[in-house]
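Take a look at the letters that make up each chain.
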Amino acid sequence: MQHKKKTLYLFIFAQCSVMVFFLLILILSLLRLINVKEVLEDISSNSIPTLSKATEITREVQHLISLSARLTSSESQSARRIIKTQLDETIQRLTSSDSKLEQSDKYLATQLNVLTLEIQELNELVRQRIDVEKEVRVEREVLFAYLNDILESRNKHYDGLQSSKKLVPLVLQIAQINQQFQLHELRKLEDSIEKGIAALRASPLDKGSSELVNALEEGVLGQWGMIDKQANVMRIRGRSRGRGSFVEHLAEEVASNIEFRASSVTKATSTYALDTNIAVSKQITLSVALSLIVLTICCAIIFYIYKRIILRLIALTNLVEENSDEVTRFEGNDEISRLAKTFALYFERVKSQEEQLIRLSLSDPLTQIPNRRAFEMEMEKVMAMSKRHNWPLTMILLDVDSFKLYNDNYGHTKGDECLKAVAKELNDVVARNTDFCARYGGEEFVAILPDTDEKGARIKAEEIRKAIEELKIDHSKSPVSSVITASLGIATVDFSNHQDWTLTAILNAADKALYDAKSSGRNRCVYTSLP
């Protein structure tokens, strides 16, 4: 009894000592934290708002750069007007008093004014480009519609033109005018069109056809014809791109100016924080010294707890890890012994749940056949057996043809039903106890055929392909067939000649064969043999 009281008094004294030292550390830390608080208040009230404004302006400038690029590449007046409105709003935010770093920042204001003028000029250039492109596009459509009416009509006034075999190639060349984006290419096309018109004139034409050819030449090659207007489009497009690049560079200069100002504020803040850090480091040194004393006392308490509690828990842990039956006979009449009995109660429950989880982790939840992980595990076992017995080994990779089109047309629910049907049929065809099939991913499946040579592989692969086709699952969008089909890539390795084949090498060979099957028209089997 006296020994127990001494132990209790010692424990109380140790606890009180820990509390005293803890309070001392706490008071010193609070004093230092007050100093840190003052530093943080200064940073939050001065430095952070300045940096925040700089970040805001930088973000707006980056947004302006993005909008400028979009304005330069605008293809319609409505898009141009929308982007121009967004640019005006961004400039307005940049020039507002809330977004400026300082009211006296005259250089930033000057840059923004110049930027505003450049954006206006860019907007005008883009507007001109879109108008000219639209005019050229409309004239081309009117010209082609007119020519189409002449070719399809039975007006004898244009018999010579309708019977000419040189008109259609000439029209195709004219159609390429709006597709030219290099001036020298446009000039080459112009020469070709001139030759085409000359060749057309050289053919026997009636009066009406001849007049039409003259009008066609004037509309395409004449002054402000389609060729000249396309060249004008190129010039305006080049000017707008150049102006757009200038606007972007100018905006980047604004961003650089803001970043320089922000870096100055950051440097000053860093110096202030460094001084505070030195003072905090001294405080940390004192706190560490006091903490070592507290640590010594805590170690003594921990040693006591270790002798009385931890050793018993370690013994219980060892028994639990070894799944020993001794857990049920653990000595004692306290909470640790009750914990031991609880562990014993749950051992059997955990074992049954573990078996179920392993089964679920190796099964594909949709098709209810093994998944890719199960395939890789099975493949390692089959390869080891094939090497040991010098068996040939065949792998088949199967891909459902145009399955994305099937999903898009029939919906994902029907797509899931299709995959289930394909998986079931594959599992039925791969019937030997030693064979194995799994879902490899998406619409791809894989089959392993141990002790199967090239002849057997070809027979089994064709059997699988026919079985899937005979499911007769409608696929109206398939470019291959009106029903669901599959492409198969087959790879056979002979371990009697070469023992160093890896799973990756066999997979790559089968995948290459599958690619060849899909490239050569789908719904077929392509075989490859590895020596």
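Reading the values: the criteria
Residues numbered from 1 in each chain as written. Predicted model: local features only at pLDDT ≥ 70, side-chain atom pairs only at ≥ 80, totals over all residues. Heavy atoms only, no water. Helix = DSSP H or I, 4+ residues; strand = E, 2+ residues; numbered from the N terminus. Buried < 20%, exposed > 50% of the residue type's maximum accessible area, 1.4 Å probe, protein only. Contact = heavy atoms within 4.5 Å. Areas by Shrake-Rupley, 256 points an atom, 1.4 Å probe, with all protein chains shown as cover. Patch = residues over 30% accessible without salt bridge, like charges linked within 9 Å, V, L, I, M, F, W, Y side chains within 5 Å. Salt bridge = Lys/Arg side-chain N within 4 Å of Asp/Glu carboxyl O. Phe/Tyr/Trp six-rings, centres within 6.5 Å; stacked < 30°, edge-to-face > 60°. Expected span 1.5 Å × (residues − 1). Arc of directions from axis to C-beta. Polar contact = N/O pair within 3.5 Å; in protein donor to acceptor, adjacent residues only side chain to side chain. Pairing = 2+ DSSP bridges. Axes fitted to C-alpha atoms, helices over the stretch in contact; angles between N-to-C directions. Core = buried A, V, L, I, M, F, W, Y, C linked by side-chain atoms within 4.5 Å.

As for the overall build of the protein
Thought 1: When helices and strands are tallied, the protein shows 14 helices and five strands.
Thought 2: The buried share of the protein, taken over its 531 residues, is 38%.
Thought 3: Partitioning the intrachain contacts of the protein with sequence separation of at least 6 by distance along the chain shows that 73% fall at a separation of at least 24.
Thought 4: Accessible surface for the protein amounts to roughly 31300 Å². Of this, 56% is attributable to carbon and sulfur atoms.

Examining a nonpolar patch on the surface
Thought 1: Side chains of F22, L23, L26, L30 and L33 sit close together on the surface and give an oily, nonpolar patch of about 490 Å² of accessible area.
Thought 2: Tracing the sequence through the fold places L26 in helix α1 (residues 2–72).
Thought 3: Overall, the relative accessible area of 38% leaves L26 in the partly exposed class.

Considerations on the packing of aromatic side chains
Thought 1: This structure, assessed with the given rule, holds three aromatic pairs.
Thought 2: Geometrically, the ring pair formed by F375 and Y440 is edge-to-face, given 5.8 Å between the ring centres and 85 degrees between the ring planes. Remark: Y440 occurs in strand β2 (residues 436–441) and F375 occurs in helix α10 (residues 372–389); sequence separation between them is 65 residues. For the pair F375 and Y440, a shared accessibility class is recorded, and that class is buried.
Thought 3: The rings of F403, Y406 and Y410 are connected pair by pair, giving a single aromatic cluster.

What to know about α10
Thought 1: Compared with an ideal rise of 1.5 Å per residue, which puts 18 residues at 26 Å, α10 spans 25 Å between its outermost C-alpha atoms and is within 8% of the ideal.
Thought 2: A374, F375, E378, M379, V382, M383 and S386 are the residues of α10 that are buried. Here the buried residues of α10 occupy an arc of 160 degrees about the axis, which is enough to place them on one side. Every exposed residue of α10 that faces more than 90 degrees away from the buried side is listed here: K381 and R388.
Thought 3: Lining the buried residues of α10 we find β1 (392–400), β2, β3 (444–450) and α14 (503–519).
Thought 4: Of the residues that open α10, the one with a side-chain oxygen 3.3 Å from the backbone nitrogen of R373 is N371.
Thought 5: One or two positions beyond α10, positive phi appears at N390, with a value near 60 degrees.

Details of the pattern of salt bridges
Thought 1: Counted by the stated rule, this structure contains 13 salt bridges.
Thought 2: Two residues, R127 and E124, come together in a salt bridge whose shortest N-O distance is 2.4 Å. Taken together, the residues R127 and E124, both in helix α3 (residues 106–152) and three residues apart, mark about one turn of the helix.
Thought 3: For R127, a relative accessible area of 28% gives the class partly exposed.
Thought 4: Bridged by salt links that share partners, the residues E462, R465 and E469 form one connected network.

Some remarks on the sheet that holds β1
Within a sheet, adjacent strands bond to each other through the backbone by hydrogen bonds, running parallel or antiparallel.
Thought 1: Within the open sheet, the five strands sit side by side as β2-β3-β1-β4-β5. Their pairing is mixed. Of all strands in the sheet, those bounded by a partner on one side alone are β2 and β5 (525–530). Direction aside, the axes of adjacent strands within the sheet are offset by 20 degrees on average.
Thought 2: As paired elements, β2 and β3 share five bridges and run antiparallel to each other. In the sheet register, R439 faces β3, and the bridge partner there is F445.

Regarding the nonpolar core
Thought 1: Residues I396, L398, V400, F445, I464 and L488 are the most contacted members of the largest nonpolar core, which totals 28 residues.
Thought 2: Secondary-structure elements contributing two or more residues to this core are β1, α11 (403–410), α12 (412–429), β3, α13 (454–469) and β4 (486–494).
Thought 3: Broken down by element, the residue count for this core peaks at six residues, all from α12.
Thought 4: Apart from residues no more than four positions distant in its own chain, I396 is found in contact with F445, V446, A447, L449, A461, I464, L488, G489 and I490.

With respect to the pairing of β1
Thought 1: Counting buried positions along β1 yields nine of nine residues, so the element is predominantly enclosed.
Thought 2: Residue alternation in β1 divides its side chains into two sets, P392, T394, I396, L398 and V400 and L393, M395, L397 and D399, and both sets are buried.
Thought 3: For β1 and β4, the ladder comprises nine bridges, and the chain directions are antiparallel. Bridging across to β4, M395 finds its partner in A491.
Thought 4: As paired strands, β1 and β3 are joined by seven bridges and run antiparallel to one another. In the sheet register, L397 faces β3, and the bridge partner there is V446.

Quick word on the side chain of K84
Thought 1: Its place among the elements puts K84 in helix α2 (residues 77–95).
Thought 2: For K84, a relative accessible area of 13% translates into the label buried.
Thought 3: Residues in contact with K84, not counting those within four places in the same chain, are I119, Q120 and N123.

Here's the deal with the environment of R522
Thought 1: Along the chain, the position of R522 falls in the loop between α14 and β5.
Thought 2: Owing to a relative accessible area of 30%, R522 belongs among the partly exposed residues under this scheme.
Thought 3: A C-alpha to C-alpha distance of 6.8 Å links R522 and V480, two positions 42 residues apart in sequence.
Thought 4: If we skip the residues at most four places from it in the chain, R522 touches D401, S402, V480, S487 and A517.

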